[in-house]
Amino acid sequence: MGANASTDHATSNGYNKHTFVYGSSHGKASQVIEFHSSARWKAHFDASKGTTKLMVVDFTASWCGPCKLMEPMINDLATKCTDIEFIKIDVDELEDVAKTFGVEAMPTFLLIKNGIVVDKVVGAKKDELQKKIELHRN
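Below is a summary of the structure that appears in this document. (Residues numbered from 1 in each chain as written. Predicted model: local features only at pLDDT ≥ 70, side-chain atom pairs only at ≥ 80, totals over all residues. Heavy atoms only, no water.)

## Re the overall build of the protein chain
Piece 1. Along the backbone of the protein chain there are five helices and seven strands.
Piece 2. Listing the helices and strands of the protein chain from first to last along the sequence gives β-β-α-β-α-β-α-β-α-β-β-α.
Piece 3. Within the protein chain, contacts between residues at least 6 apart in sequence are counted, and of these 58% link residues at least 24 apart.
Piece 4. With the model as given, the accessible surface of the protein chain reaches about 7300 Å², and the carbon-plus-sulfur share is 52%. (Helix = DSSP H or I, 4+ residues; strand = E, 2+ residues; numbered from the N terminus. Contact = heavy atoms within 4.5 Å. Areas by Shrake-Rupley, 256 points an atom, 1.4 Å probe, with all protein chains shown as cover.)

Spelled out as structure tokens, the structure:
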């Protein structure tokens, strides 16, 4: 019924929070942080090393069909799982970050805690990603 809307909100930290609203009747908005600067990503990543909060990093590309298939699920998880930080990085925009983490295929999802990659899902594998998120959530 309601149309989907997507907006980026610049923050004082230099990254964007991407808000995706699922139609006006739902009123749900997910918060997926998008980085557009390697330096800002590094600062955020370094700061995350002091926390046990799970971070799910979605390495994606604008031309990637499977990435687009996963996007609604990621937005939905970000809405439901507010104890988890969801991050989106475009591999063409931040190629150096993708190389640092050895990303070779899209989508690649890295699950990170305390600055350490604790798990990884390569491909549009919704069930596998959900299981691994639940496994590392606490």
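Don't stop here, the text continues.
## Topic: the pairing of strand β6 (residues 108-113)
Piece 1. Burial runs high along β6: six of the six residues are buried.
Piece 2. In β6, alternate side chains face the same way, and those of Thr108, Leu110 and Ile112 on one face and Phe109, Leu111 and Lys113 on the other are all buried.
Piece 3. In this sheet, β6 lies alongside strand β4 (residues 55-60) in antiparallel orientation, the contact comprising five bridges. Residue methionine 55 lies in a different strand from β6, and its bridge partner there is isoleucine 112.
Piece 4. Relative to strand β7 (residues 116-122), β6 is paired through six bridges, and the arrangement is antiparallel. Across the sheet, leucine 111 pairs through a bridge with aspartate 119, a residue of β7.
Piece 5. Taken together, β6 and the strand that follows it, β7, pair antiparallel across an intervening segment of two residues, in which asparagine 114 is found at a positive phi of about 55°. (Buried < 20%, exposed > 50% of the residue type's maximum accessible area, 1.4 Å probe, protein only. Pairing = 2+ DSSP bridges.)

## Quick look at the packing of aromatic side chains
Piece 1. All told, the structure shown has five aromatic pairs when counted by the stated rule.
Piece 2. Between phenylalanine 45 and phenylalanine 101 the ring centres are 5.6 Å apart and the planes differ by 85°, which places this aromatic pair in the edge-to-face class. Taken together, the residues phenylalanine 45 in helix α2 (residues 38-48) and phenylalanine 101 in the loop between α4 (95-100) and β6 connect sequence positions 56 residues apart.
Piece 3. Here phenylalanine 45 falls in the buried class, since its relative accessible area comes to 11%.
Piece 4. Take phenylalanine 101: its relative accessible area is 18%, and that puts it in the buried class.
Piece 5. The structure contains a cluster of three or more aromatic residues connected by ring pairs, namely Phe35, Trp41, Phe45, Phe59 and Phe101. (Phe/Tyr/Trp six-rings, centres within 6.5 Å; stacked < 30°, edge-to-face > 60°.)

## What to know about α2
Piece 1. Among the residues making up α2, those that are buried are Trp41, His44, Phe45 and Ser48. End-on view of α2: buried residues confined to an arc of 100°, all on one side of the axis. Opposite the buried face of α2, at more than 90 degrees from it, the exposed residues are Ala39 and Ala47.
Piece 2. Against β4, β5 (85-90), α4 and β6 lie the buried residues of α2. (Arc of directions from axis to C-beta.)

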